[in-house]
Amino acid sequence: MSLPGISKHVRVLEHAGLIRRRIDGRIHRCTLDAGAMRAADEWIAQYRAFWDHALDALAGYVSEDTS
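Residue positions are given per chain, counting from 1 as you read along its sequence in written order. Two thresholds apply to this predicted model, a pLDDT of at least 70 for residue-level local features and 80 or more for giving and counting side-chain atom pairs, whereas whole-chain, interface and lining totals are computed over all residues. Each side-chain value is worked out from all heavy atoms of the structure, with water and hydrogens disregarded.

Student: How would you summarise the overall build of the protein chain if you had to cite specific residues and measurements?
Tutor: Labels follow the DSSP assignment, with helices taken as runs of H or I lasting at least four residues and strands as runs of E lasting at least two, numbered in each case from the N terminus. When helices and strands are counted, the protein chain shows two helices and two strands. Ordered by position in the sequence, the α and β elements of the protein chain form the string α-β-β-α. Throughout, the radius of gyration refers to the C-alpha atoms, and the reference size of a globule is 2.2 Å times the residue count to the power 0.38. Against the 2.2 N^0.38 benchmark of 11 Å for 67 residues, the protein chain shows a C-alpha radius of gyration of 20 Å, more extended than a compact globule. Its C-alpha atoms give the protein chain principal-axis dimensions of roughly 65 × 30 × 10 Å. Every one of the 67 residues in the protein chain was classed for burial, and the buried ones make up 7%. Exposure classes here rest on a 1.4 Å probe applied to the protein chains alone. A residue is buried below 20% of its type maximum, exposed above 50%, and partly exposed in between.

Student: Before we move on, can you summarise helix H1 (residues 3-15) with the specific residues and values?
Tutor: Expected helix span is taken as 1.5 Å per residue step, with the number of steps being one fewer than the number of residues. Between its first and last C-alpha, H1 extends 18 Å over 13 residues, near the 18 Å set by a 1.5 Å rise per residue. With its phi angle positive at about 80°, Gly17 sits one or two positions after the end of H1.

Student: Any details on the side chain of Asp33? Residues and values, ideally.
Tutor: Considering the arrangement of structural elements, one finds Asp33 in the loop between strand E2 (27-32) and helix H2 (34-66). Polar side-chain contacts of Asp33 include one of 3.1 Å to the side chain of Arg20. With near-sequence residues (within four places) excluded, Asp33 lies in contact with Gly17, Leu18, Ile19 and Arg20. Identification of polar contacts relies on pairs of N or O atoms within 3.5 Å, with a donor-acceptor requirement for protein atoms, meaning one able to donate a hydrogen and the other able to accept it, and with residues adjacent in sequence counted only if both atoms are side-chain atoms. The contact rule is simple, with two residues in contact once any of their heavy atoms fall within 4.5 Å.

Student: Could you give an account of a nonpolar patch on the surface, naming the residues involved and the relevant values?
Tutor: A grouping of Trp43, Ile44, Tyr47, Phe50, Trp51, Leu55, Leu58, Tyr61 and Val62 is seen on the molecular surface, where their side chains present a nonpolar patch of about 1000 Å² in accessible area. Its location among the elements puts Trp51 in helix H2. Patch definition: residues with relative accessible area over 30% and no salt bridge; like charges joined within 9 Å; nonpolar side chains (Val, Leu, Ile, Met, Phe, Trp, Tyr) joined within 5 Å. Every accessible area reported is derived by Shrake-Rupley at a probe size of 1.4 Å, with residue values counting cover from the shown protein chains alone. Definition used for salt bridges: Asp or Glu carboxyl oxygen within 4 Å of a side-chain nitrogen of Lys or Arg.

Student: How would you sum up the pairing of E2? Please name residues and give values.
Tutor: Of the strand pairs in this sheet, strand E1 (residues 19-24) and E2 are connected by six bridges, and their pairing is antiparallel. Across the sheet, residue Arg22 finds its bridge partner in E2, namely Arg29. When DSSP locates at least two bridges between a pair of strands, those strands are taken to pair. The turn linking E1 back onto E2 is made up of two residues, and Gly25 within it adopts a positive phi angle of 65°.

Student: Could you give an account of the packing of aromatic side chains, with specific residues and numbers?
Tutor: Planes of paired rings set the category: under 30 degrees apart is stacked, over 60 is edge-to-face and the rest tilted, where pairs are Phe, Tyr or Trp rings (Trp by its six-membered ring) whose centres lie within 6.5 Å. Inspection of every chain in the model, using the stated rule, returns two aromatic pairs. Ring geometry for Trp43 versus Tyr47: centroids 4.8 Å apart, planes at 50°, classification tilted. Within this pair, Trp43 and its partner Tyr47 are both found in helix H2, separated by four residues, close to a single helical turn. What makes Tyr47 partly exposed here is its relative accessible area of 43%. Ring plane angle 80° and centroid distance 5.0 Å describe the contact between Phe50 and Trp51, whose orientation is recorded as edge-to-face. With a relative accessible area of 48%, Trp51 lands in the partly exposed category.

This is the structure we're talking about:
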């Protein structure tokens, strides 16, 4: 991966509030914002539960239809 590609990914994470960046001369120090990651995980968990239920229902419907 190129340096500009890495920089772009870091900027996206920074704008999303998932990391914080501190610049010391030529060195960029990034730290993870655990609070933002926790919120993202909770959001993903809600959709995971929804899709798990929906896909289980679909699997049940398909298995009943083929029996």
